[in-house]
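Observations on the model geometry
Listed here are the chains, written in short residue letters.
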Amino acid sequence: MKKIVLLLVVVFSFLGCEKDDICDANTPTTPRLVIEFYDNNAPLATTKAVTKLKAVADGMNGVGVVFNTTATDDSKYLSNDKKIYLPLRAGVDEFSTTYSLTLNSGVVGSENTDKVTFTYSHYNVFVSRACGYKTLFDLTNTNTNILTADSNNWIKDISINKANLESENEVHIKIKL
Amino acid sequence: MKYILKLNYSFLLVLLSVLGQAQEVKKVDSIKPKTERYGLRLGVDLFKLSRTFTEKDYRGLELVGDFKLTRKHYLAAEIGNENKTVDDARLNFTTKGTYIKAGFDYNAYQNWLGMHNMIYVGLRYGVSTFSQTLNTFSVYNPHPYFGASPTLVSGDKYDGLSAQWIEVVAGVKAEIVQNLYVGFSLRLNNLITNKTPENFDNLYIPGFNRTYGGKFGAGFNYTISYFVPIFKTTLKPKESEAKKK
């Protein structure tokens, strides 16, 4: 009888495992577009930090991508980093995302906004039971049709470093400023 | 003539004494000889059967059988069919398929004569062929700047999938009325081969049950079965016992 009770306990402890798996944050899932900034004046490739960069996608009513998750005020939308991560639209019939990248955002007189448009195809790849699927992207841009030229571009040069987005541990776009 | 009579007489004497000895050997044992019944025990898994009626996302049937080979060893097999729809947080899929598991059980329980109660351990080799249909899925998006990803309808069907595994069994079977047995067993599985579809995984395998990313799996069944006697054998007393007498 004791053996039976023991067996039942083991059985029910297994049944209890069904629903509680969660997607591990370290699992590579849908990647964002990784942009790294370089100094246009340096003779060799040297990374350079941007100042108060704000990124707003078209159709988001001016709400920027959150770069600083610890800040609570509007400074959370600003990046002072050498690298930024931009989410891409991945709806069934969405194949491009346009971002307005504003340098020195909020600084009167020196604000400068450049528009970049990324076009791509995307497909879904199975990850795991807990994470479901992830979306991977293939950029279809050429180096010359990403940036919308205006009278005063702060982006001096933009190039595709890696066209197929598979993870966030790689640089997809290089921008010189 | 006299000599011949004498010879006949002595010959008869020898013959009689031989016959007498033979009669002594022929003494009949008053205890009936012990017999052991052998046969096929056939049954059904009540757990799968009851889930078929209580869960709308599940239909399954498993038939079980064992055949007594020796006093301790049984050939054992399970054959079944399952149709299960799993609704996880990010995935909803249906697995349909058939499986067979075959192996043996070793009975560790010392039975009284004629009984077939079991406390056993055993091994099975399981084979399953099945198909999977991905009904709906959602894309994991840890950065929902553009809003949370919607659930997408797929309907993709993956045919011709298969898996093979080894199963370690431990269980009991007890006779409740004449020739009718109830039992349950606990099973730990280890995948040997697993043919997975492209861009999806075998998250449920009929007979193996849920997969856990690795090779490990578990299951159990609750059976009711009927013992069909096929033949009897007379137990011979062991050599050593005979010598003692």
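Keep in mind it's a predicted model, so treat the numbers as computed, not measured.

As for the overall build of chain A
Counting secondary structure elements, chain A contains one helix and eleven strands. What you see in chain A, going N to C, is helices and strands ordered as α-β-β-β-β-β-β-β-β-β-β-β. The proportion of buried residues among the 177 residues of chain A is 26%. Pairs at least 24 residues apart make up 54% of the contacts formed inside chain A by residues separated by at least 6 positions.

Let's talk about the overall build of chain B
Counting its regular elements, chain B contains three helices and ten strands. Going residue by residue from the N terminus, the α and β elements of chain B occur as α-β-α-β-β-β-β-β-β-β-β-β-α. Within chain B, buried positions represent 26% of all 245 residues. Pairs at least 24 residues apart make up 64% of the contacts formed inside chain B by residues separated by at least 6 positions.

Quick notes on the nonpolar core
Grouped together as the largest cluster of nonpolar side chains are 43 residues, with contacts concentrated most on Leu33, Ile35, Leu53, Ala55, Leu86, Leu88 and Ile175 of chain A. Those residues in contact with Leu53 of chain A that sit more than four places away from it in its chain are Leu78, Ser79, Ile84, Leu101, Thr102, Leu103 and Ser105 of chain A.

Section: the interface of chain A and chain B
The parts lose accessible area when they come together, and the size of an interface is often stated as this lost area. Contact with chain A, which involves 23 residues of that partner, is made by 20 residues of chain B. Put simply, the parts of the chain that give the side of chain A that touches chain B at least two residues each are helix H1 (2-15), strand S6 (112-128) and strand S7 (132-139) of chain A. With five residues, the single largest contributor to the side of chain A that touches chain B is S6 of chain A. Looking at side-chain class alone, the side of chain A that touches chain B contains 13 nonpolar, six polar and four charged residues.

Looking at the confidence of the model for chain A
Taken residue by residue, chain A gives an average pLDDT of 87. The fraction at 70 or more is 89%. For chain A, the element scoring lowest by mean pLDDT is H1 of chain A, at 59; strand S1 (residues 33-38) of chain A scores highest, at 95.

Digging into the sheet that holds strand S4 (residues 83-86) of chain A
Residues and elements named next belong to chain A. Strand order in the open sheet formed by four strands is S4-S1-S11-S9, and the pairing between neighbours is mixed. The open sheet has two edge strands, S4 and strand S9 (157-160), and neither has a second partner. The mean inter-strand angle of the sheet, taken between neighbouring strand axes irrespective of direction, is 20°. Here four bridges tie S1 to strand S11 (residues 173-176), and the two strands are oriented parallel to one another. Counted as the bridge partner of Phe37 is Ile175 from S11.

Examining the sheet that holds strand S10 (residues 216-234) of chain B
All names here are of chain B. The strand order around the closed barrel formed by eight strands is S1-S2-S3-S4-S5-S6-S7-S10, and the pairing between neighbours is antiparallel. The sheet shows a mean angle of 20° between the axes of neighbouring strands, direction not considered. For strand S5 (residues 118-138) and strand S6 (residues 151-177), the ladder comprises 19 bridges, and the chain directions are antiparallel. Along S6, the bridge assignment pairs Thr136 with Val153. The strands touched by helix H2 (residues 46-54) within the sheet are strand S1 (35-45), strand S2 (58-68), strand S3 (73-87) and S10, with S2 carrying the most contacts at an inclination of about 165°.

Notes on the environment of Asp21 of chain A
Residue and element names in this part refer to chain A. Along the chain, Asp21 turns up in the loop between H1 and S1. As for Asp21 and Ile35, which are separated by 14 residues in sequence, their C-alpha atoms are 33 Å apart. Dropping the residues within four chain positions of it, Asp21 is found in contact with Arg129 and Ala130.

Conventions used here
- Residues numbered from 1 in each chain as written.
- Chains lettered and ligands numbered in written order.
- Predicted model: local features only at pLDDT ≥ 70, side-chain atom pairs only at ≥ 80, totals over all residues.
- Helix = DSSP H or I, 4+ residues; strand = E, 2+ residues; numbered from the N terminus.
- Buried ≥ 20, exposed ≤ 12 C-beta atoms within 10 Å, placed from the backbone.
- Contact = placed C-beta atoms within 7 Å.
- Core = buried A, V, L, I, M, F, W, Y, C linked by C-beta atoms within 7 Å.
- Nonpolar A, V, L, I, M, F, W, Y, C, P; charged D, E, K, R; others polar.
- pLDDT = per-residue confidence, 0-100.
- Pairing = 2+ DSSP bridges.
- Axes fitted to C-alpha atoms, helices over the stretch in contact; angles between N-to-C directions.

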